[in-house]
Amino acid sequence: MQGQKGEAGTARAPMGVMVFGLARSGTTLVSDLLTIPGRSLVISEPEIFKQWSRKTTARVHRLARMVGLDLDEEPPQPQDYGESYQRYFEEVLRPQLDRLELWGIKNVDFSGWRPLLKTYPPRRLILCVRDLRDTVISGIDRICRLGITFRGTGSGKLRDEAWLLAGLAFSVRELMELRKLPHLLVRYEDLVADPGLRERIAAYVGLDRLQEERLNLKAAEMQRAWEVEKHQGTIGTASVGRFAAEPPGPVRSLAERLWRLLPEYSEAFGYERPPAGESPRDHDFALAPQPDRPGLSYLDTEEWDWRGPKQFEPSFAQRRARIAVAKAIPAAMRVLDLCPGTPAIASLLPAGSSLIHGDSVARAPQFLVSALHQGVLPPAGKAELIVMLGLLEHVADPAALLANLARTRLPVALSYHTTDDCAGVDRRQLGWVSHLSRAELGAAFAAAGYRVEAHWAFDGRQSLFRLVPRGAGPAPAKRPPAR
């Protein structure tokens, strides 16, 4: 690729390397391996073309100073550059980057890769991949660890299972286009296990060695402190095989669903491919959409009220259930959320409420862990309400789970897709193991000793229930609607 001209009309050497890959596929590790103080710098997610972000600017500023770039002690301010981060990048960072042996950037955001490569054409391109099932589960864990769930309905941003599924489907589509360019492929599983691959990465970009310190992680400070602690300055294989270790439930089913939906990814990058005939080719998220169907848009994945694909998708159903249930929870309520996956309901709760999240896996330090898929519940503690959305379909013995819930003597907000309301839905393909009709579900509620308020098929397929143990006091009153 040809070099570009600076503002003064002088030719500039092209960027040394660009690293692109799916989120949680080892891109930050590759960036850190290639970042050697005084010699090279690969910046993680600089967001050059985006709106000025003080958080991103401060992180990049810390990283640049760590490797020895001569910058002011304090981060730059947007008003000094007309609110244009690219202007700051070109006027201040770029001249110093050009003095290094190697500089580059890494991205997991594929929404703007074409203009990025056109503006900053790299000498070398590295693409990072990982088993798609492990990528999904690691992505769920990241959301849980960082608490990046809902930012409030109407804010335009969501971080939940539906967002992860749609975002990865979009990223895989763009990655399959990007791989048509000359590149070095780095599989996460090989990167952490094979020192020879790391040596090939160094040779590919023209370095005689790699860096051991995780500088991009350190520059992110507390946001990524858990990853610094996890890796302890070493490269290990502890995060390989996440899918194999994931217990049955919504998260495992989500990972397998995306893997089956995008078999071309596994075939292209040498991973286990789904069995023939099990990939839904007419799905909106499929890699080769039908001629009369537009491709997946990244902007859609960011919208809080986007309904998702026209095909039935449980993660979007769970999003709708969370929004609906949160609206009915009274203020200052202590909620125990038993929904394996993201605690996305947390930022939807009314003022003064608190949330404890239960899961089958310790995805974050504060989570309560129990075998939810087997009907085992964690201690309810001081909770006043239990929320269980998207789980009962994954429990083989719903009656036993409902009996355990009833023993807590707490009201429950629960969702379920009955067989009556899901004609044409392949329940087993979704990982569901319970298949109750409306009558059977009602009988199970009664046998567990619940009074029930039902909102059948509130979104067309999914029903919501307010369960109160018989003999318990009245359930908390609903919040009055906002004026």
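As shown above, the structure is provided for reference.
Residues numbered from 1 in each chain as written. Predicted model: local features only at pLDDT ≥ 70, side-chain atom pairs only at ≥ 80, totals over all residues. Heavy atoms only, no water.

### Digging into the nonpolar core
Core analysis: the largest hydrophobic core is formed by 68 residues, its most contacted members being F20, L69, L93, L97, L258, Y265 and F285. In terms of residues, this core owes the most to one element, helix α6 (residues 161-178), which gives 12 residues. Not counting residues up to four positions away in its chain, the partners in contact with F20 are T27, N107, D109, F110, W113, L116, L117, I126, L127, C128 and L178. Residues L336, L405, L436 and F465 belong to the second largest nonpolar core, which totals 26 residues. (Core = buried A, V, L, I, M, F, W, Y, C linked by side-chain atoms within 4.5 Å. Buried < 20%, exposed > 50% of the residue type's maximum accessible area, 1.4 Å probe, protein only. Helix = DSSP H or I, 4+ residues; strand = E, 2+ residues; numbered from the N terminus. Contact = heavy atoms within 4.5 Å.)

### A look at empty space enclosed by the protein
This model, assessed by the stated rule, comprises three cavities of 30 Å³ or more. Roughly 200 Å³ of volume is contained in the largest cavity. Along its surface, the largest cavity is lined by 21 residues, and P250, P314, S315, Q318 and G390 are the ones closest to its centre. Mapped onto the lining of the largest cavity, the elements with two or more residues apiece are α12 (250-261) and α15 (314-327). Looking at which element gives the most residues to the lining of the largest cavity, the answer is α12, with five residues. The class makeup of the residues in the lining of the largest cavity is 10 nonpolar, eight polar and three charged. (1 Å grid on protein atoms, 1.4 Å probe; cavity = no way out; pocket = protein on both sides within 12 Å on 5 of 7 lines; lining within 4 Å. Points joined across faces, edges and corners; volume = space filled by probe spheres on them. Nonpolar A, V, L, I, M, F, W, Y, C, P; charged D, E, K, R; others polar.)

### Points about a negative patch on the surface
Side chains of D70, D72, E73 and E74 sit close together on the surface and give a patch of like negative charge. Inspection of the secondary structure assignment puts D70 in the loop between α2 (54-66) and α3 (85-97). On the accessibility criterion, D70 (64% relative accessible area) is exposed. (Patch = residues over 30% accessible without salt bridge, like charges linked within 9 Å, V, L, I, M, F, W, Y side chains within 5 Å. Areas by Shrake-Rupley, 256 points an atom, 1.4 Å probe, with all protein chains shown as cover. Salt bridge = Lys/Arg side-chain N within 4 Å of Asp/Glu carboxyl O. Lys, Arg positive; Asp, Glu negative; His and termini not counted. Charge placed at Lys NZ, Arg CZ, Asp CG, Glu CD.)

### Things to note about the sheet that holds strand β11 (residues 385-388)
Ordered in space as β10-β9-β8-β11-β12-β14-β13, the seven strands form an open sheet in which the pairing is mixed. Edge strands, defined here as strands with exactly one partner in the open sheet, are β10 (368-369) and β13 (450-455). Summarising the sheet, strand β12 (residues 412-416) and strand β14 (residues 463-469) pair through five bridges and their orientation is antiparallel. The partner of L414 across the bridge, within β14, is F465. The sheet strands contacting α15 are β11, β12 and β14, and the helix crosses β14 at an angle near 45 degrees. (Pairing = 2+ DSSP bridges. Axes fitted to C-alpha atoms, helices over the stretch in contact; angles between N-to-C directions.)

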